[in-house]
Amino acid sequence: MTQRPPEPDLLPGMRRTVRDSRAKAAATRARKATEVEPAATDPVARVLVEVPLAHLDRPFDYLVPTAMADTAVPGCRVRVRFAGQDVDGFVVERVATSEHGGRLSPLRRVVSAEPVLTPAVAALTAAVADRYAGTRSDVLRLAVPPRHATAEKQESPPAPAPVVDLDAARSAWAGHEPGAAFLDHLAAGGSPRAVWSAAPATDWPLLIAHTCAATYAAGRGALVCVPDHRDVDRVAAALVAVLGEGHHVALTADLGPSARYREFLAVSRGARRVVVGTRAAAFAPVRDLGLVVVWDDGDDLHAEPRAPYPHTREVLLTRAGLEGAGVLVGGFARTVEAAYLLRSGWAHELAAPRDLVRQRVHVAVAGASDAELRRDPLARAARVPAQAHDTIEEGLRHGPVLVQTPRTGYVPSLACERCRTPARCTACAGPLALRGPTDPPRCRWCGTDDPAWACPTCGHRGLRAPVLGDHRTAEELGRSFARTPIRSSSDDRVRATVAARPEIVVATPGAEPVAEGGYAAVVLLDTWLPLARADLRTEEEALRRWVNAAALVAPGGRVLAVGDPAHPALQALVRWDVAGFAERETTQRVEAHLPPASRMATITGEPGAVDDAITLLAAPEAAEVLGPVDLPDGECRVVVRVPRAQGPALSAALHELQRVRSARKLDAVRVQVDPATL
DNA sequence: ATGACCAATTGA
DNA sequence: CAATTGGTCATG
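Just so it is clear, the structure is predicted and the values come from calculations on it, not from any experiment.

### What about the protein's contact with DNA strand C?
Phase 1 of the analysis: As a matter of local geometry, DNA strand C sits amid 15 residues, with Asp61, Ala83, His100, Ser105 and Lys665 nearest to it.
Phase 2 of the analysis: Taking the atoms of DNA strand C that fall within 4 Å of the protein, sugar and phosphate contribute 36% of them.
Phase 3 of the analysis: Between a base oxygen of DNA strand C and a side-chain N or O atom of His55, the distance comes to 3.0 Å.
Phase 4 of the analysis: Of all elements in the fold, only β2 (59-63) and β3 (77-82) reach the threshold of two or more residues within the surface near DNA strand C.
Phase 5 of the analysis: Looking at the surface near DNA strand C element by element, the count peaks at 4 residues for β2.
Phase 6 of the analysis: Partitioned by chemical class, the residues of the surface near DNA strand C number 7 nonpolar, 3 polar and 5 charged.

Here you go:
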């Protein structure tokens, strides 16, 4: 194209022409807008537009044309013209007049009159976005599943009339005090709040189902969030056992778009009032919510990996606060957050008396303490000591035996036999592992075989296995118990249940199958390994994994942990003192100004961007800024910490920071409030 | 994001 | 002096 210099005296004129044509376009729009007949009642729709920008994260007003008067209902999906583009949004409200001074654009289209965003969930998404300093559109994506037109055409048949047996509920809860009072309170339409530490060998899905039934009996809905799909299936089965078919829905991520939307609609239409699901279900639009339940809130599956990274427990607690619902935070283990709810008096405790716990399980530890090993280095603890062997053998006389081993694979990591330098891949420096008894060392990252490995430090060619995986454990146990069937359940192939017959089940944490009637014995191997991590939650997490496996015993069953009997986490396991352990951890956290006594947030991004984010951040007075520290990927991170009482102020400051940065088109930084790990 | 506008800076 | 660049503002 040839560049012709514009005639100088044409330019002002051109500008005027541009302005004229813009004015004309505006006039045309205005004419069109007036041509559109506004709805007779509440002609203004307040719309949350789906744009990813923090500073546009508020409702905008649009004119409702007569033709859409009855379909543009609060909560429905619409398409609107926004900043010159067609974008999707939700109507959050219909009002008579607009605060907006200018002329309103009409709604382009009502995508569907289905009110998928209920007022309660709309308020919840706002509260969650505030708490996590994220955008509402991000939270809305987590809360409302994608539309499926076919599913929307189908009706949601109503649930049958509920028949609730409160006596059955009370007797199921017998042993957990004051379980009956909790149930009665729910059945009377109250909203009690409790932190529940389930006794070992408790059929927790059944007890949870009974709390839902008690709530349902009072005419209110209930919502249960559990870590994974297998737990959803168990609670769903218990709900059928307690309430019968047709009262609940199960919401999981692996349903597929059509089924997921169908189940969601059954809830939003009020045809189902009891919901069990994984973390996304925390936003399910249950009508008249009377109870929220989170099971095993320490499981990291409850931490949403997508922005703004909300945690199921926090979403549910927020929700209970907004909707006046009761709360049950349950688990075999107890998180410091749950302990804090008790300490602050916000929730009551539901627990089993010592006697019952002692009847249910006998826990022992086998192994030399660190102190003993220091005194006598030759007293090397065997990985499967004789005592563990005996426990398995004895258990097999009565039923299945669970062996928990912390790592997946055969030999998941290798080191030089002589100098103990970790063996790394020559191609990519990834960790070398063995996949089977006869396989050569192979890189876990790039898959390259390295049959001729030699130690780069000392030249030695021998390898040792500092850690063994579940496959190798199964192989070893197969040799020791030659006539016993051995099953594996780990990441790659998780088994949901095993029958009540003598067999050895080797499983990794979180993948333990449930045994019919419970395991005769549970053996926990390599307890030192989960304790070797350097993290705020190391001990809490280790104990959680152990008690979750140990709780699968049959009443009166035996548990043996192989490790250092002097370690506080193992002592807590032996005494089954999850409450005391969580209480002590909480005290330490309070003293060290760590969550949940403080609220922490991280800001991550390019060093320059993080740097001016801190400058821009109007953090509360008491805020401490720790860092920045450089991360391996060239980014850097700061931690901001405030006392718990100033948590909302910190969230607000971070939220405002994101709005300002977004408006000024500054480089994005990632903000995480209460990150799951540090 | 996208676009518009204004002011300051750069360059011939 | 014109052209370019950068910051600010608004999006209904």
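### Some remarks on the nonpolar core
Phase 1 of the analysis: Core analysis: the biggest nonpolar cluster contains 70 residues, and Trp196, Ile208, Leu328, Trp546, Leu573 and Trp576 have the highest contact counts within it.
Phase 2 of the analysis: Ranked by residues supplied to this core, first place goes to helix α7 (residues 204-217) with 8 residues.
Phase 3 of the analysis: Looking at this core, you find at least three residues from each of domain 2 (166-352) and domain 3 (359-410 + 468-590).
Phase 4 of the analysis: If we skip the residues at most four places from it in the chain, Trp546 touches Gln404, Leu524, Thr527, Pro530, Leu531, Ala569, Leu570 and Leu573.
Phase 5 of the analysis: Counting 64 residues, the second-largest nonpolar core is a separate cluster that includes Ala122, Ala325, Val610 and Val671.

### Quick notes on the UniProt feature "domain: Primosomal protein N' 3' DNA-binding" (unreviewed entry) in chain A
Phase 1 of the analysis: Under the local residue numbering, the UniProt record ascribes the feature "domain: Primosomal protein N' 3' DNA-binding" (unreviewed entry) to residues 46-145.
Phase 2 of the analysis: Within residues 46-145, the helical portion is 21% and the strand portion 30%, while the C-alpha atoms at the span's ends are 21 Å from each other.

### Topic: the UniProt feature "binding site: Zn(2+) 2" (unreviewed entry) in chain A
Phase 1 of the analysis: Taken from the UniProt record, the annotation "binding site: Zn(2+) 2" (unreviewed entry) applies to Cys425, Cys428, Cys443 and Cys446. Taken along the chain, the residues just named run across 22 residues; in space they keep tight, none of their C-alpha pairs more than 8.5 Å apart.
Phase 2 of the analysis: Looking at the secondary structure, you find Cys428 in the loop between β15 (413-416) and β16 (432-433).
Phase 3 of the analysis: Residues in contact with Cys428, not counting those within four places in the same chain, are Cys443, Trp445 and Cys446.
Phase 4 of the analysis: Along the chain, the position of Cys446 falls in the loop between β17 (442-443) and β18 (463-467).
Phase 5 of the analysis: In this structure Cys446 comes out as partly exposed when scored by relative accessible area, which is 39%.
Phase 6 of the analysis: With residues up to four places along the chain from it excluded, the contact list for Cys446 reads Cys425, Ala427 and Cys428.

### Some words on helix α2 (residues 119-131)
Phase 1 of the analysis: Over its 13 residues, α2 extends 18 Å from the first C-alpha to the last, a length consistent with the 18 Å expected when each residue adds 1.5 Å.
Phase 2 of the analysis: Among all positions of α2, only Val121, Ala122, Leu124, Thr125, Val128, Ala129 and Arg131 are buried.
Phase 3 of the analysis: Where α2 is buried, its residues meet α3 (136-143), α10 (312-323), β25 (598-605), α21 (647-663) and β28 (670-673).
Phase 4 of the analysis: Positive backbone phi, at 55°, marks Ala133, one or two positions downstream of α2.

### Examining the pattern of salt bridges
Proximity of charged atoms lets side chains of opposite charge pair with each other.
Phase 1 of the analysis: By the definition in use, this model includes 40 salt bridges.
Phase 2 of the analysis: When the shortest N-O distance is used, the salt bridge between Glu323 and Arg319 registers 2.8 Å. With Glu323 and Arg319 both in helix α10, this residue pair falls 4 residues apart, about one helical turn.
Phase 3 of the analysis: Of the residues examined, Glu323 reaches a relative accessible area of 21% and is grouped as partly exposed.
Phase 4 of the analysis: Residue Arg319 is classed as buried on the basis of its relative accessible area, which comes to 0%.
Phase 5 of the analysis: Taken together, the shared-partner salt bridges in this structure form one network comprising Arg131, Asp297, Arg313, Glu314, Glu337, Arg537, Glu540, Arg589, Arg599 and Asp674.

### With respect to the domain arrangement of chain A
By a widespread convention, an interface's size corresponds to the accessible area lost as its parts come together.
Phase 1 of the analysis: Parsing chain A into structural domains produces domain 1 (36-115), domain 2 (166-352), domain 3 (359-410 + 468-590) and domain 4 (598-673).
Phase 2 of the analysis: Computed from C-alpha coordinates alone, the two centres of domain 1 and domain 4 are separated by 33 Å.

### Description of empty space enclosed by the protein
Empty space among the atoms can be located by rolling a probe the size of a water molecule over them.
Phase 1 of the analysis: What the rule picks out here adds up to 4 cavities of 30 Å³ or more.
Phase 2 of the analysis: For the largest cavity, the calculated volume is near 70 Å³.
Phase 3 of the analysis: Lining of the largest cavity is provided by Leu142, Arg279, Ala280, Phe283, His302, Glu304, Arg306, Pro310, His311, Thr312 and Val315.

The rules we used
Residues numbered from 1 in each chain as written. Chains lettered and ligands numbered in written order. Predicted model: local features only at pLDDT ≥ 70, side-chain atom pairs only at ≥ 80, totals over all residues. Heavy atoms only, no water. Near = heavy atom within 4 Å. Polar contact = N/O pair within 3.5 Å; in protein donor to acceptor, adjacent residues only side chain to side chain. Helix = DSSP H or I, 4+ residues; strand = E, 2+ residues; numbered from the N terminus. Nonpolar A, V, L, I, M, F, W, Y, C, P; charged D, E, K, R; others polar. Core = buried A, V, L, I, M, F, W, Y, C linked by side-chain atoms within 4.5 Å. Buried < 20%, exposed > 50% of the residue type's maximum accessible area, 1.4 Å probe, protein only. Domains from an automatic or database assignment. Contact = heavy atoms within 4.5 Å. UniProt positions renumbered as here; feature names shortened; annotations may be inferred. Expected span 1.5 Å × (residues − 1). Salt bridge = Lys/Arg side-chain N within 4 Å of Asp/Glu carboxyl O. 1 Å grid on protein atoms, 1.4 Å probe; cavity = no way out; pocket = protein on both sides within 12 Å on 5 of 7 lines; lining within 4 Å. Points joined across faces, edges and corners; volume = space filled by probe spheres on them.

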